[in-house]
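Okay, here's what each chain looks like letter by letter:
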Amino acid sequence: MPEGRRRALVTGGAGFIGSHLCDRLVSEGYAVVCMDNLRTGSLRNIAHLRSEPRFEYVDHDVTSYIRVPGRLDEVYHFASPASPKDFERIPIPILKVGALGTHNALGLSLAKGARFMLASTSEVYGDPLVHPQPEDYWGNVNPIGVRGVYDEAKRYAEAITMAYHRHHGLDTRIVRIFNTYGPRMRPDDGRMIPNFISQALSGRPLTVYGDGSQTRSVQYIDDLVEGIFRLMRSEERRPVNIGNPVEYTVREVAELVLRLSGSRAGISFRPLPKDDPKQRCPDITRAREVLGWEPRVPAEEGLRRTLEWFSGHVHRAGEKTG
Ligand code: NAD
Ligand code: UDP
């Protein structure tokens, strides 16, 4: 490897966000090690990178000791299932990847002298009592609820990341990611946007949970990857929210998907899952001030691109969706 070429590890690199991050790092000239156990990811997401000599795929569960021969300059720890549907299906693997997986990724970073980034989440704010959510809000999480396995795993992951920083002097970054969508999400992932798009494209009614008045702010993947890239290059060690502060009700998102797809399937209301946060919207003052970052892709444009990708890649292949 040329002396100046940086080498990065992306855990969860075959997932939705991880694969887009691998693309960006390869395009920036990095050598990339993508590590995944394919629990919720897919080799299809990285198939286009496999012939790239600077890209390497390693099949490994990061809850076991991580061995990466050679130099590493940066570690992006993105491995973790992230869909609320998985919180009930695979709760213990979620707790383990947040706890043991993060510990292993930190230990590896320390041994290699690598800069470490944790993919954290807006879920650390739980069902927030402060709105919009700034980074210094401590959150309102039910530790024993169905979402607790994810929320508390990520809160623990943030705590151990800060402990490695304070105790071992590890150079760390924490990105708190708000709802992000785009190409390569699994159609049966269970999250709002892949559900709505799959349903609209196959002519089934869009399943809105509750009365759809709960809010989310939805961010297109390209904006997130730009924020991640800038944060890793910055000297900011405090957590940074990366999300789109334009807030929609879930019903409005459903109506937008119906309009953009031209579907006449309509909406079918279903029971609201337990502990579903009532509102969520990032305060992105810190990202604006420290990273000079703000989202650029409006929901209408991002959803149009995502619809196009799903209709080309998923529905043409005749894949069944949830
Ligand atoms: P994803 O499910 O598409 O990607 C997660 C990847 O991690 C998958 O490829 C999966 O196979 C892999 N993985 C899971 N457990 C593993 C293990 N033990 N060892 C190795 N690999 C493992 O989900 P995503 O939306 O791309 O999320 C990526 C990261 O971003 C996660 O850490 C998630 O918590 C975080 N995040 C995502 C969002 C979002 O809106 N998409 C929001 C907040 C935080
Ligand atoms: N949701 C919905 N219909 C679906 C999937 C999700 O109405 O088919 C709602 C869900 O109840 C939540 C919001 O959409 O209020 C976002 O859900 P998602 O699963 O994307 O992630 P969350 O933000 O809850 O972690």
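Residue indices begin from 1 for each chain and proceed along its sequence in written order. Whichever chain is written first becomes A and whichever ligand is written first becomes 1, with later ones labelled in order. Under the rules for a predicted model, residues below a pLDDT of 70 receive no local features and side-chain atom pairs below 80 are neither given nor counted, while totals for whole chains, interfaces and linings still include all residues.

The name given to the protein in an unreviewed UniProt entry is UDP-glucuronate decarboxylase, with Rubrobacter xylanophilus as the source organism. You can read under Pathway (unreviewed entry) in the UniProt record for the protein the words "Nucleotide-sugar biosynthesis; UDP-alpha-D-xylose biosynthesis; UDP-alpha-D-xylose from UDP-alpha-D-glucuronate: step 1/1." UniProt positions are given in the numbering used here, feature names are shortened, and annotations may be inferred rather than shown by experiment.

Student: Mind laying out the site of ligand 2, listing which residues take part and the relevant values?
Tutor: In this text, near has one meaning. A residue is near a molecule or strand if its C-beta atom, placed using the backbone, is within 6 Å of it. Around ligand 2, a shell composed of 13 residues is seen, among which Arg-191, Met-192, Asn-195, Thr-207 and Tyr-209 lie nearest. Taken together, the elements giving at least two residues each to the shell around ligand 2 come down to helix 5 (192–201) and strand 8 (206–209). What counts as a helix is a DSSP run of H or I of at least four residues, what counts as a strand is a run of E of at least two, and both are numbered from the N terminus. Examining the composition of the shell around ligand 2, we find that three residues originate from one element, strand 8, more than from any other.

Student: So what's going on with the site of ligand 1? Which residues, and what values?
Tutor: What surrounds ligand 1 is a group of 28 residues, the closest being Gly-12, Gly-15, Phe-16, Thr-40 and Gly-41. Looking at the shell around ligand 1, the elements that each hand over two or more residues are helix 1 (16–27), helix 3 (91–112) and strand 5 (115–121). Of all the elements, helix 1 adds the most residues to the shell around ligand 1, at three residues. Each residue receives one of three labels: charged for Asp, Glu, Lys and Arg, nonpolar for Ala, Val, Leu, Ile, Met, Phe, Trp, Tyr, Cys and Pro, and polar for the others, Gly being one of them. A breakdown of the residues in the shell around ligand 1 according to their chemical character gives twelve nonpolar, 13 polar and three charged.

Student: I'd like to hear about the sheet that holds strand 5, residue by residue, with values.
Tutor: For two strands to count as paired, DSSP must find a minimum of two bridges between them. Across the sheet, seven strands lie side by side as 3-2-1-4-5-6-11; this open sheet has parallel pairing. Looking at the sheet topology across the chains shown, the edges are occupied by strand 3 (55–59) and strand 11 (240–242). The mean angle between the axes of side-by-side strands here comes to 20 degrees, regardless of whether they run parallel or antiparallel. Where strand 5 and strand 6 (residues 172–177) come together, six bridges link them in parallel fashion. The partner of Phe-116 across the bridge, within strand 6, is Thr-172. Whether two residues are in contact depends on their C-beta atoms, placed from the backbone: they are in contact if these lie within 7 Å. Axes, fitted as lines to C-alpha atoms, cover a helix only where it is in contact. Angles between the N-to-C directions of the axes lie from 0 to 180 degrees. Helix 3 rests against strand 1 (7–11), strand 4 (74–77) and strand 5 of the sheet, and its axis sits at about 175 degrees to strand 4. With respect to the sheet, helix 6 (residues 221–233) is in contact with strand 4, strand 5, strand 6 and strand 11, its orientation differing from that of strand 6 by roughly 160 degrees.

Student: Describe unusual backbone geometry, with residues and values.
Tutor: Only a minority of non-glycine residues have a phi that is not negative, and only a minority of peptide bonds are not trans. Cis geometry is adopted by the peptide bond preceding Pro-132, which originates at His-131 and carries an omega value of -10 degrees. Following the sequence through the fold, Pro-132 ends up in the loop between strand 5 and helix 4 (148–168). At Leu-38, a position not held by glycine, the phi torsion is positive, near 60 degrees. The topology assignment puts Leu-38 in the loop between strand 2 (31–36) and strand 3. Of the residues examined, Leu-38 has 12 C-beta atoms within 10 Å and is grouped as exposed. Unlike most non-glycine residues, Arg-184 shows phi in positive territory, near 85 degrees. Turning to its location among the elements, Arg-184 is positioned in the loop between strand 7 (180–181) and helix 5. Three classes are used. A residue is buried when 20 or more other C-beta atoms lie within 10 Å of its own, exposed when 12 or fewer do, and partly exposed in between, with C-beta atoms placed from the backbone.

Student: Could you give me a rundown of helix 7 (residues 250–261), with the residues and numbers involved?
Tutor: Residues spaced three or four apart along an α-helix face the same direction, because each turn holds 3.6 residues. Given a helix with a known number of residues, its expected span is that number minus one, times 1.5 Å. Over its twelve residues, helix 7 extends 17 Å from the first C-alpha to the last, a length consistent with the 16 Å expected when each residue adds 1.5 Å. Val-250, Val-253, Ala-254, Val-257 and Ser-261 are the residues of helix 7 that are buried. Down the axis of helix 7, the buried set is contained in an arc of 100 degrees. They therefore lie on one face. Gly-262 occupies a position one or two residues after helix 7 and carries a positive phi of about 70 degrees. The directions from the helix axis to the C-beta atoms are what the arc is built from.

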